[in-house]
Amino acid sequence: DTGVSQNPRHKITKRGQNVTFRCDPISEHNRLYWYRQTLGQGPEFLTYFQNEAQLEKSRLLSDRFSAERPKGSFSTLEIQRTEQGDSAMYLCASSLQGTGNTIYFGEGSWLTVV
Amino acid sequence: AQSVAQPEDQVNVAEGNPLTVKCTYSVSGNPYLFWYVQYPNRGLQFLLKYITGDNLVKGSYGFEAEFNKSQTSFHLKKPSALVSDSALYFCAVRDGSNYQLIWGAGTKLIIKP
């Protein structure tokens, strides 16, 4: 399968702990996105990379959130000092550059903070 | 400002009947329109998109959508619904100057046997 791959698929963590999610995009895609989705809602944009450069971060992304894409391939999203409000599905997506190009999503990583 | 409206929270259709999921949009430039489907506890799957050309776009699983510029709509349709089409459907739009997708709130489609 050559789609967007995310892991872990599920993570349960205690409040205050740090968590990290990994995303492997479709191999030739130079754009990579992170979204957050809560139950029954649409995706909320968090951040976006073009190659290794992080070009935009949403105001939703507090200082506890950090994302990297060190070599322009895979990406990690780290949440420090997790809070119960961080419980959500974190979606990674990738695309080729160009506004008409399709954004393809991974299966998501569910985070539950207890 | 860019926006997408999906006016129906839920659509109920009997299996075998045609279905329509509505989407209207507002963008400042030429719209790039997308439909995605989401099954429970899964990511979003791309169904189809309109970039330019023929107003009727065909996509995956027998779905199609019609771009109507005058009504600023991009309704998703299928001639004969299957129970397996039951899912959450999202419409999204971007204009030519923006990489970001603007998302509708989603429509839950329920197909009854």
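Structure's up top.
All values reported here derive from a predicted model rather than from experimental measurement.

Enquirer: Help me understand the overall build of chain A in this model?
Expert: The number of helices and strands found in chain A is 0 helices and 11 strands. Reading the helices (α) and strands (β) of chain A from amino to carboxyl end gives β-β-β-β-β-β-β-β-β-β-β. Taking 13 Å as the expected radius of gyration for a compact globule of 114 residues, we find that chain A reaches 13 Å, a close match to that expectation. Taken along the three principal axes of its C-alpha coordinates, chain A extends 40 × 25 × 25 Å. Per-residue burial for chain A yields a buried fraction of 49% across its 114 residues. Here the contacts in chain A between residues at least 6 apart in sequence split such that 54% fall between residues at least 24 apart. If you sum the accessible surface of chain A, you get close to 5600 Å²; carbon and sulfur atoms cover 44% of it. On chain A, the mean spot of the 13 positive side-chain charges and the mean spot of the 12 negative ones are 5 Å from each other.

Enquirer: Help me understand the sheet that holds strand β8 (residues 75-79) of chain A, please; the structure alone is not making it clear to me.
Expert: By definition, the strands of a sheet pair up through backbone hydrogen bonds, in either a parallel or an antiparallel sense. Residues and elements named next belong to chain A. The strand order β1-β3-β8-β7 describes an open sheet built from 4 strands, whose pairing is antiparallel. Either end of the sheet is taken by a strand with one partner, and the two such strands are β1 (5-7) and β7 (65-68). When strand polarity is set aside, the average angle formed by the axes of neighbouring strands in this sheet is 15 degrees. In the sheet, β7 pairs with β8 via 4 bridges, with the strands oriented antiparallel. Within β8, the position partnered with Glu68 by the bridge is Thr76.

Enquirer: Honestly, the pairing of strand β5 (residues 44-50) of chain A in this entry has me stumped. Any pointers?
Expert: For a regular strand, side-chain orientation follows a simple rule: the groups alternate between the two sheet faces. Residue and element names in this part refer to chain A. Of all the 7 residues making up β5, 6 are buried; the element is thus mostly covered by neighbouring parts of the structure. Relative to β5, strand β4 (residues 31-37) is paired through 6 bridges, and the arrangement is antiparallel. Looking at the pairing, Arg36 lines up with Glu44 of β5. Between β4 and β5, which follow one another and run antiparallel, lie 6 residues, and Gly40 among them has a positive phi close to 80 degrees.

Enquirer: Just to check I follow, could you spell out the packing of aromatic side chains for this structure?
Expert: Within a pair of aromatic rings, the relevant descriptors are the distance that separates the centres and the angle that separates the planes. Under the counting rule described, the total for this entry stands at 16 aromatic pairs over all chains. Ring plane angle 70 degrees and centroid distance 5.8 Å describe the contact between A:Phe105 and B:Trp103, whose orientation is recorded as edge-to-face. Of this pair, A:Phe105 sits in strand β10 (residues 104-105) while B:Trp103 sits in strand β11 (residues 102-103), placing the two residues on different chains. For the pair formed by A:Phe105 and B:Trp103, the shared burial category is buried. Taking the centre distance of 6.2 Å and the plane angle of 85 degrees together, the rings of B:Phe90 and B:Trp103 count as edge-to-face. Taken as a pair, B:Phe90 in strand β10 (residues 87-95) and B:Trp103 in strand β11 lie far apart in primary sequence, 13 residues in all. For the residue pair B:Phe90 and B:Trp103, the accessibility class agrees, reading buried in each case.

Conventions adopted
Chains are numbered independently. Their residues run from 1 in the order of the written sequence. The lettering of chains begins at A and the numbering of ligands begins at 1, in the order of writing. Local features in this predicted model are restricted to residues of pLDDT 70 or higher, and side-chain atom pairs are both shown and tallied only at a pLDDT of 80 or more, whereas totals for entire chains, interfaces and linings draw on every residue. Remark: hydrogens and water are excluded; side-chain values derive from all non-hydrogen atoms of the structure. Numbering of helices and strands runs from the N terminus; a helix is a DSSP stretch of H or I covering at least four residues, while a strand is a stretch of E covering at least two. The size measure is the radius of gyration over C-alpha atoms, and the globule rule it meets is 2.2 Å times the number of residues to the 0.38 power. We call a residue buried when its accessible area falls under 20% of the maximum for its residue type, exposed when it is over 50%, and partly exposed in between, using a 1.4 Å probe and counting protein chains only. A contact between two residues is defined here by any heavy atoms of the two lying within 4.5 Å. Only the protein chains shown count as cover for residues, and all accessible areas are computed by the Shrake-Rupley method using a 1.4 Å probe. Counting rule for charge: Lys and Arg are taken as positive, Asp and Glu as negative, and neither His nor the chain ends is counted. To locate a charge, take atom NZ for lysine, CZ for arginine, CG for aspartate or CD for glutamate. A pair of strands is considered paired only if DSSP assigns at least 2 bridges between the two. Axes here mean lines fitted to C-alpha atoms, for a helix over just the part in contact, with angles spanning 0 to 180 degrees between N-to-C directions. Working definition: rings of Phe, Tyr and Trp (its six-membered ring) pair if their centres are within 6.5 Å, and the pair is stacked with planes under 30 degrees apart, edge-to-face with planes over 60 apart, and tilted otherwise.

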